Amino acid sequence: MFVVVFNSVFAQQLSFSDSSVISLITCSPGEEVYAKFGHTGIRIVDPQTSLDVIFNYGIFSFETENFYYKFIKGETDYYLGVSTTSLFLSEYKRRNSMVWEQIINLTPVEKRNLINALLENYQPENRKYRYNFIFDNCATRPRVKIINSIDGFVSFNETVSQKTFRQWVGDYVGEDTWVKFGIDMVFGMDADVEATQLESMFLPEILMNEFQSGKVTVPLKNETRALVAQKNVLVSAQNEEEQPDRWYFSPLFVFGLLFFIGIVSLFFEYKRAHYKPVVDSALLLATGLIGVIIFYLMFVSTHPLVKNNLNLLWANPLNLIAAVLIWMKKMRKFMFVYQIFNLALLGFALVALALSVQSFNVALYPVLALLIFRYARWFVRTKHKFERKSKYQRMEKHKKVIR
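Residues numbered from 1 in each chain as written. Predicted model: local features only at pLDDT ≥ 70, side-chain atom pairs only at ≥ 80, totals over all residues. Heavy atoms only, no water.

Trainee: Explain helix 11 (residues 332-354) here, please?
Mentor: Because each turn of an α-helix spans 3.6 residues, side chains separated by three or four positions in sequence point in the same direction. Helix length check: helix 11, at 23 residues, gives a terminal C-alpha distance of 33 Å against a target of 33 Å (1.5 Å per residue), a fit within 8%. Three or more residues of helix 11 are buried, namely Met335, Phe336, Tyr338, Gln339, Asn342, Leu345, Leu346, Ala349 and Ala352. Directly beyond the C-terminal end of helix 11, a positive phi value near 55° is found at Ser356. (Helix = DSSP H or I, 4+ residues; strand = E, 2+ residues; numbered from the N terminus. Expected span 1.5 Å × (residues − 1). Buried < 20%, exposed > 50% of the residue type's maximum accessible area, 1.4 Å probe, protein only.)

Trainee: Just to check I follow, could you spell out the pattern of salt bridges for this structure?
Mentor: Should their charged atoms come close, side chains of opposite charge can pair. Within this structure, the stated rule accounts for 16 salt bridges. A salt bridge links Arg112 to Asp18, with the shortest nitrogen-to-oxygen separation between them at 3.1 Å. With Arg112 in helix 3 (residues 108-121) and Asp18 in the segment before strand 1 (21-27), the pair connects residues that are 94 residues apart, well separated along the chain. On the basis of relative accessible area, Arg112 is assigned to the partly exposed category, the value being 24%. For Asp18, a relative accessible area of 51% gives the class exposed. Residue Asp184 pairs with Arg166 through a salt bridge whose shortest N-O separation is 3.0 Å. (Salt bridge = Lys/Arg side-chain N within 4 Å of Asp/Glu carboxyl O.)

Trainee: Looking at this model, I keep getting lost on the sheet that holds strand 10 (residues 228-235). Mind explaining?
Mentor: Across a sheet, paired strands are connected by hydrogen bonds in the backbone, their directions being either parallel or antiparallel. One open sheet accounts for seven strands, arranged 6-4-3-2-1-5-10; its pairing is antiparallel. The open sheet has two edge strands with one neighbour each: strand 6 (128-130) and strand 10. For this sheet, the mean inter-axis angle between neighbouring strands, taken without regard to orientation, is 25°. Contacting strand 1, strand 2 (39-46), strand 3 (51-59), strand 4 (77-84), strand 5 (99-104) and strand 10, helix 2 (residues 85-94) runs over the sheet at an angle of about 110° to strand 4. (Pairing = 2+ DSSP bridges. Axes fitted to C-alpha atoms, helices over the stretch in contact; angles between N-to-C directions. Contact = heavy atoms within 4.5 Å.)

Shown next, in the form of structure tokens:
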């Protein structure tokens, strides 16, 4: 999630003196999807050796074999890399992101603890780690390294808002955006659990704000000190002209338009008493494809928050098969029963929505409405056909008896 594609520039053994100054580096979100949540690093400036570097847990490569497949499956490996601070900052200046530095208030022993931990982690055999979207990323790793190096315990003020994981993500990608829509499709019920104060620090800016209010308490020495000694701005973002809001490309508008088209086609089918399963087949195909992705993530992916996904109630993977069977007259009775099943699933989805069992993307509302109308109309139309056929058969049977 917090991705920066920097190559490590230090192949030689790194060494730092006790006069080093250690800082938490926080970068504001960028425009690219992988940069929308910001980034975190640990800076070490050593005046004796003239080293000024940043330890960065966000190293990855798109060139990794089957990268996207592994990412979806939750088997993406990230690396700890080290780059010069000047190289690191130049990238964020080019990206027009803010970069803040918080000098961590550490004792000489704590500095050595942290430096040793980072150098140990930077050993070739230790650099790789299994990236986790929420619980193990480039923000959580620096937090853990810094806190574990401190001889005492760190407390934070209760300043962070109480939000679910889904709400935190929505704050950064926007509510009516395609990124948010995609995330809401694959997030399950676990994403609607309220994140704890510590868990909310998976976001770099939240981590920065919490560190700013943090206190270090050393019980044995009966002393307390601020976690951050000083905060500086290393890169300032330039004001950019605000882009016009292209509301007509938003998911809510697009699916609202789809709902309108679907209802209009339903009206003309009714007026003309002529039905072709093109629209219903397309809906079954689309929802089936989405359902396959959701099903795969639920049962194969190791990503957190994608389990127990109630989007399967409307995005039924079996719809892929139904999209073909709906064209076959011989399968009409089967499809009649199947659409009853689909309507029942949609009913459960509405109950889940009403009871807030799982949060659904707002752009999904017109989709749910369209599916209900289309499936219900298909059910009524097919039911009437069965009734007419049954009535005709009874009449024919009655005629034969009279003869």
